[in-house]
Each structure stands twice: as structure tokens, then as C-alpha cells.
Amino acid sequence: MDNSKSRWRSIFPPILVIAVLLAVWELAVVWGRVPEWKLPAPSVIVAEAIAIWPRLMLHAGATVQLALIGFTGGAAAGFALAALLHLIPGARRAFYPLLVLSQNVPVVAIGPILTIWLGYGILPKLILVWLVCFFPVSVAMLSGLNDTDPVLRNYMRMIGASRQQQFWRLELPNAVTHLFSGLKIAASYAVLSAVVAEWIGADKGLGHFMLISSKGYQAASVFASVFLIVALSLTLFGIVALAEKLVVRWRPAKEAKKV
Amino acid sequence: MSKAQWALELKDVRKSFESRGGAKEVLGGISLSVRDGEFVSIIGPSGSGKTTLFQLIGGLAPLSGGEVWMDGRNTTGHRGHIAYMPQQASLMPWRTVRGNIELALQIAGIDRKQARAKATDWLARIELDAYADSYPHALSGGMQQRISFLRALLSPQPFMLLDEPFGALDALTRQQMQQWLLTIWEANRRSVLLVTHSIEEALLLSDRIIVLSAAPAVIVDEIVVPFARPRKESLWTDPQFNALKQQIYEQLHQPTV
Ligand SMILES: Nc1ncnc2c1ncn2[C@@H]1O[C@H](COP(=O)(O)OP(=O)(O)OP(=O)(O)O)[C@@H](O)[C@H]1O
Ligand SMILES: [Mg+2]
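These figures come from a predicted structure and were not determined experimentally.

Peer 1: Kindly report on the overall build of chain A, identifying the contributing residues and their values.
Peer 2: Helix and strand counts for chain A stand at eleven helices and zero strands. Traced from its N-terminal end to its C-terminal end, chain A shows the element sequence α-α-α-α-α-α-α-α-α-α-α. The dimensions of chain A, computed from C-alpha atoms along their principal axes, are 75 × 60 × 30 Å. Evaluated residue by residue, chain A yields a buried proportion of 41% over its 259 residues. Total accessible area on chain A stands at roughly 14700 Å², and carbon and sulfur atoms take up 71% of it. Seen as two clouds, the 22 positive and the 11 negative side-chain charges of chain A have centres 6 Å apart.

This is how it looks when you write it as C-alpha cells:
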């Protein structure tokens, strides 16, 4: 009872702000006589979205598929590489700076090169999403594996834990919270990078649809796609955050609230 | 006397650390032995090398000289022969109380089912079964140390090392914990080597007390504690208790050469 009340209290203000913003937008467009091809009113966007819904869903399906496969593959590879670099003596020290540096490379900029190398099929697009998701997961995982409490490490060694036991029973569980922060970054970029990949070259997907809509000055369709992309991105992020809540149950309540 | 009579034997154990300007000697030849089921305490000034000695017994660091024997076997540099209770409780925060005990037993080679049964049984015996499925952060410092002790007590390794197990607790909790540990240990005798800073704690718990000097540490004295078991807290008022306390206090505060 009390809980749902306080939840409502925390949800209500942002909802109000969004509602006011939409209202201002709507009124500004109507009163300012902004042409629809420049900035459609929210009501027009909704109407357009309903009108083109089947087509929108078809493209969204392609984008979701691309984002999900790329996210899963990239995250899995990032996880595996981190574990490998951690377990091979010396490998971590050699590769970690490179991994951190690679985070500063705007991976989407590689897109056109991938198209040159691999053509217009699904492969270059997958590789792009895959790369975008790979780096944050591997870096977070690697620093998580190295972030083991020395007191716990000493305890494990004292009672005779083997290297393998130390990895599975101490380092890996300890890295789980780090892993999830990497997964959350990857999740929030996965859909976006899929859309960018579709801009570069595709015959379906929301990115492709946005491109042809904007070429035809159909601003309402473009906006409808943008809102859909935001919704998909938030959903993927929400799923990862939910998974974290289910997996990391041991964290003290006050720490969990901070996130 | 057969060798296996000793649960632990240290033979002239030495340790130096390399530092700028030569080697720094920390342990200057420690020889001691602990009988099966005996409770021995080590007391010594801060920085005299007690934790270092435990690291050597645990096989975590190489010795500069000497040997470590357990149960009649040379275990110098070998890990896995000791059950350990460190100063901080060192419970894995992602494992429940029961899960933490299970982990220690499994690493010592006990299979999962048996470890679980043992943990469940003993948590009930120490009246912490209500917390079996709680995570460590929900426990007070004293409760965490009880779990930490139980975990070491149940581990099948032949020898227990306790490194200042109550050092981080407040005075009142500490006293309760000593009494608690005394009761449990007297009912389940295991070979124990305990490091402590508290003379009273050593006198209350041990069969024998070993007094170390400041670094490089050597054994200054070895005191057989004469009080009969089971012991009670009322020991604190015993005149002999206070005489021994005074004696050890003076040995610890001898001017260093
Ligand atoms: N890895 C190391 N390298 C160099 N010197 C060390 C190392 N470990 C310990 N020492 C030194 O050895 C000495 C003994 O340290 P140790 O921690 O064993 O003392 P202690 O008796 O456990 O002290 P306390 O009672 O404060 O816990 C200290 O002077 C410390 O500086
Ligand atoms: Mg110490």
C-alpha cells in the first residue's frame, strides 16, 4: 500500500513533465503554423504511426532481430575474451590498455568500411552491432574479475582453493555486478547501432525506413520511427536491468537503490 | 614419541623480506609444536610476524628457512592443510550463510550434499538456523564471526588457524564470543593455533601460550595454562589468572634490544 503510493509519487512528476512538453509541442505546431513536413504535431505522429503500423512492425522486427543477435553475440564474446585474458597469465596486462583505448573509437564510424569489405548483406551490420556490444562488456568484465577483495582472495588461498576454484567461486561471482553494468551499456547502444548499420546499407529495418521516409519529406513517419526506436532501446535496457535484479539478490538494499 | 603425535610442528621457521638495503628478518627461527586436540595461542607485539607465520603455515609464501610438518608429514609450502578463521569474517557477500559454510567444506573436498547437511545441522546447533538463508550483510559483526568460526570448525582439514578472530569486535561482543568459542571448542576439541593481542583471551582459551618477541621474532616464553576445563568466565577473578597475566604483560613490554 505504502510502497505503491511512494512509487506513484516518484513516477508522477516525470509523467507530468512529459505531458506538458507534448502539449506545448502540439500547441506550438498548431498556433505557429509549422508545416507538417518540417515538424508534425504529436497527434499527427500518432495518427501516422497507426496508419503505417503493419509496415512499421515489419521494419521494427528486422531491427530487433539485428540488435538482439548482435547484443547476445557481442556480450558472449566480450565475456569469453575477458575470462580468457584474465586466466592467461600476463595477457590481461598486455591487452587491457588496448581494450580501454578501443572504447574511444566511435565504432559506428567503421560501418562504411565494413560495407566495403563485406557488402550489403546482414553480416557487416551484425559485426557492427556485435562490436558495439562487445567492448563495454569485455572491459567491465575484465575489471570486475580483477576487482576481487584481497581479504577474500587470501582466505580462499589459505583454505587451499585451486586456481579454478578461485575463478568460479570467487572472481566470477564477484564480477557479476560489473558484468551487468557492461551489459546495460551494451543494451542501451544495441538498438541504436543496429539502426545506424541499417542507414549505411539495408533494404529493411527501422534505419532503412527512416532514410526513405526523410527522403520523401515524411516527417511524421520519421518521428514515429524515432519514438519506436527509443521504446525498443528502453525495453532492452529494462530487460537487462530486470535480469540483474533477479540475479544479484545479495546486494544490500541501500546499495541497490543507488543505481 | 611418534611424530604423528604432533598435529603441527614448526622446525626453525625463518622468514626475511627483501627490501632496499638488504633483507629484513621478520621470523628469526621459530620452533613449536601443537599436540592433537590442543589449543595453543601466540601472543606478540604488533608487527612481530604473526600473520606472516600463518601465511607460511598455510603454504602461501615461501620460507627462508625451516620446515612445517603436519600430522607427521612435511607440508612445507603446501596449501590445503588448514582450516582458517581470519580477522575479518571474509564471508562471500553473494552467498547465503549456509552457502558460505558449504563453500568452505566443498573446497576441502566434501561433496555438496554432505556439506549442506552438515551446515544445516550446525547452524541449528548454534541457534543461527533462522539466518541460514540470509546474506552476510544482514548479520551483525558478532554473528558473522560465529559463522566464520563454524565454517573453520566444520572444515575437515586437520588443523585450525585463527588469526585475531575477535580483533574487530567491540569489547562486550568480544567477551561473549570468547565464552561462546570456549564452550563449542571444549565440546569439539580440534588442534588450534590462535593469534591474539589479548592476554586475557589467550589465558581463557588456551592450553599453552607462546610469547613472541618483536621482529625478528623469536619465542620468548612458553606458558602452560594450568586451569582445568571446562573453564568459566569467573576465571578472570582467579589470583593465578592475574599473576600469569602480569607475567605475560611484562614479557611483552621488555625493552627491545
Ligand atoms: N610482503 C611483505 N613484504 C615486506 N615486508 C613484509 C611483508 N609482509 C609483512 N612484512 C613485514 O613483516 C613484519 C611482520 O608483519 P605481520 O603482519 O606478520 O605482523 P603481525 O605480527 O601479524 O602484526 P599485527 O599484530 O599488527 O597483525 C612487518 O614489519 C611487516 O612490515
Ligand atoms: Mg597480523
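Peer 1: Describe the overall build of chain B, naming the residues involved and giving the relevant values.
Peer 2: Each helix and strand counted, chain B has seven helices and ten strands in total. Since a compact globule built from 257 residues should have a radius of gyration of about 18 Å, the 18 Å found for chain B is in line with a globular shape. For chain B, the C-alpha atoms occupy an extent of roughly 55 × 45 × 40 Å along the three principal directions. Counting only residues that meet the buried cut, chain B has 55% of its 257 residues in that class. Within chain B, contacts between residues at least 6 apart in sequence are counted, and of these 70% link residues at least 24 apart. Just so you have it, chain B exposes about 11100 Å², and 50% of that area is on carbon and sulfur atoms.

Peer 1: Explain the UniProt feature "domain: ABC transmembrane type-1" (unreviewed entry) in chain A to me, and be specific about the residues and the numbers.
Peer 2: Those residues carrying the UniProt feature "domain: ABC transmembrane type-1" (unreviewed entry) are residues 60-238 of chain A in this numbering. Measuring from the first to the last C-alpha atom of residues 60-238 of chain A gives 18 Å, for a span that is 84% helix and 0% strand.

Peer 1: Describe the site of ligand 1, and please don't skip the residues or the numbers.
Peer 2: Residues and elements named next belong to chain B. In the region of ligand 1, the neighbouring residues are Phe17, Lys24, Val26, Ser46, Gly47, Ser48, Gly49, Lys50, Thr51, Thr52, Glu164 and His197. A distance of 2.9 Å is found between an oxygen atom of ligand 1 and a backbone nitrogen or oxygen belonging to Gly49. His197 is positioned such that a nitrogen or oxygen atom in its side chain is 2.8 Å from an oxygen atom of ligand 1. Listing elements by their share of the shell around ligand 1, those giving two or more residues are β2 (22-35) and α1 (50-57). Considering every element that reaches the shell around ligand 1, the biggest residue donor is α1, with three residues. Among the residues forming the shell around ligand 1, the class breakdown is two nonpolar, seven polar and three charged.

Peer 1: Tell me about the side chain of Glu9(B), residues and numbers included.
Peer 2: All names here are of chain B. Mapped onto the fold, Glu9 is located in strand β1 (residues 6-19). Buried within the structure, Glu9 lacks any salt-bridge partner; Lys11 is the closest side chain of opposite charge, at an N-O distance of 4.5 Å. Dropping the residues within four chain positions of it, Glu9 is found in contact with Leu32, Ser33, Glu67, Val68 and Trp69.

Peer 1: Before we move on, could you go through the UniProt feature "transmembrane region" (unreviewed entry) in chain A and cite the residues and values that matter?
Peer 2: Feature annotation in UniProt places "transmembrane region" (unreviewed entry) on residues 12-31, 66-88, 94-120, 127-145, 179-201 and 222-243 of chain A, given in this structure's numbering. The annotated region residues 66-88 of chain A carries 96% helix and 0% strand content, and the separation between its end C-alpha atoms amounts to 32 Å.

Peer 1: Lay out the pairing of strand β9 (residues 208-212) of chain B with the relevant residues and their values.
Peer 2: Residue and element names in this part refer to chain B. Of all five residues in β9, five are buried, a share of seventy percent or more. Here β9 shows two buried faces, one formed by Arg208, Ile210 and Leu212 and the other by Ile209 and Val211. The pairing of strand β3 (residues 39-43) with β9 spans four bridges and is classified as parallel. Paired with Ile43 across the two strands is Val211, which belongs to β9. Bridging between β9 and strand β10 (residues 219-224) involves five bridges; their strand directions are antiparallel. By the bridge assignment for β10, Leu212 is matched with Ile219. A loop of six residues connects β9 with β10, the two strands running antiparallel in sequence.

Peer 1: Break down the sheet that holds strand β8 (residues 191-196) of chain B for me, with residues and values.
Peer 2: All names here are of chain B. The strand order β6-β7-β8-β3-β9-β10 describes an open sheet built from six strands, whose pairing is mixed. Bordering the open sheet on either side are β6 (82-85) and β10, each of which pairs with just one other strand. Adjacent strand axes in the sheet meet at a mean angle of 20° when their direction is disregarded. Note: β3 against β8, five bridges, orientation parallel. Within β8, the position partnered with Ser41 by the bridge is Leu194.

Peer 1: So what's going on with the sheet that holds β1(B)? Which residues, and what values?
Peer 2: All names here are of chain B. Strand order in this open sheet of four strands is β2-β1-β4-β5, and the pairing throughout is antiparallel. Either end of the sheet is taken by a strand with one partner, and the two such strands are β2 and β5 (73-74). Two elements, strand β4 (residues 65-70) and β5, share two bridges in a ladder whose sense is antiparallel. Note that in β5 the partner of Trp69 across the bridge is Asn74. The strands touched by α1 are β1, β2 and β4; relative to β1, the strand with the most contacts, the crossing angle is about 115°.

Peer 1: Residues and numbers for the pattern of salt bridges, please.
Peer 2: A side chain of one charge can pair with a side chain of the opposite charge when the charged atoms of the two come close. All names here are of chain A. Evaluated as defined, the whole model comprises 15 salt bridges over all chains. Across the pair Glu244 and Lys184 runs a salt bridge, and its minimum N-O distance is 2.9 Å. Placement of Glu244 in helix α10 (residues 219-247) and of Lys184 in helix α8 (residues 163-200) is noted, with a sequence separation of 60 residues between them. Overall, Glu244 belongs to the buried group, its relative accessible area being 7%. The exposure class assigned to Lys184 is buried, which follows from its relative accessible area of 13%.

Peer 1: Lay out the interface of chain A and chain B in plain terms, naming residues and giving numbers.
Peer 2: Every contact between the two is made by 21 residues of chain A and, on the other side, 25 residues of chain B. Carbon and sulfur atoms supply 63% of the area that chain A and chain B bury against each other, a total of about 2200 Å² over both sides. Broken down residue by residue, the surface that chain A buries against chain B is led by Tyr155(A), Met158(A) and Trp250(A), which jointly contribute 35%. Across the chain A-chain B interface, the total number found is seven residue pairs in polar contact (both at pLDDT 80 or more). At the level of secondary structure, the elements contributing two or more residues to the side of chain A that touches chain B comprise α7 (150-158) and α8 of chain A.

Peer 1: Let's hear about the packing of aromatic side chains: which residues, and what values?
Peer 2: Using the criterion set out here, one finds 13 aromatic pairs over all chains in the structure. Residues Trp8(A) and Phe12(A) carry aromatic rings whose centres are separated by 5.4 Å and whose planes lie at 45° to one another, so their mutual orientation is tilted. A residue pair is termed a helical-turn pair when its members lie 3 or 4 positions apart in one helix, as Trp8(A) and Phe12(A) do in helix α1 (residues 2-32) at four residues. Centre to centre, the rings of Phe134(A) and Phe135(A) are 4.9 Å apart; their planes meet at 80°, and the pair counts as edge-to-face. Both residues of the pair, Phe134(A) and Phe135(A), count as buried. Between Arg92(A) and the ring centre of Tyr96(A), over which it is positioned, the NZ or CZ distance is 4.9 Å. Note that Arg125(B) overlies the ring of Trp122(B), its terminal NZ or CZ placed 4.2 Å from the centroid.

The rules we used
- Residues numbered from 1 in each chain as written.
- Chains lettered and ligands numbered in written order.
- Predicted model: local features only at pLDDT ≥ 70, side-chain atom pairs only at ≥ 80, totals over all residues.
- Heavy atoms only, no water.
- Helix = DSSP H or I, 4+ residues; strand = E, 2+ residues; numbered from the N terminus.
- Buried < 20%, exposed > 50% of the residue type's maximum accessible area, 1.4 Å probe, protein only.
- Areas by Shrake-Rupley, 256 points an atom, 1.4 Å probe, with all protein chains shown as cover.
- Lys, Arg positive; Asp, Glu negative; His and termini not counted.
- Charge placed at Lys NZ, Arg CZ, Asp CG, Glu CD.
- Rg over C-alpha atoms; globule rule 2.2 N^0.38 Å.
- Contact = heavy atoms within 4.5 Å.
- UniProt positions renumbered as here; feature names shortened; annotations may be inferred.
- Near = heavy atom within 4 Å.
- Polar contact = N/O pair within 3.5 Å; in protein donor to acceptor, adjacent residues only side chain to side chain.
- Nonpolar A, V, L, I, M, F, W, Y, C, P; charged D, E, K, R; others polar.
- Salt bridge = Lys/Arg side-chain N within 4 Å of Asp/Glu carboxyl O.
- Pairing = 2+ DSSP bridges.
- Axes fitted to C-alpha atoms, helices over the stretch in contact; angles between N-to-C directions.
- Buried area = accessible area lost by both parts, 1.4 Å probe.
- Phe/Tyr/Trp six-rings, centres within 6.5 Å; stacked < 30°, edge-to-face > 60°.
- Lys NZ or Arg CZ within 6 Å of the ring centre and 35° of its normal.

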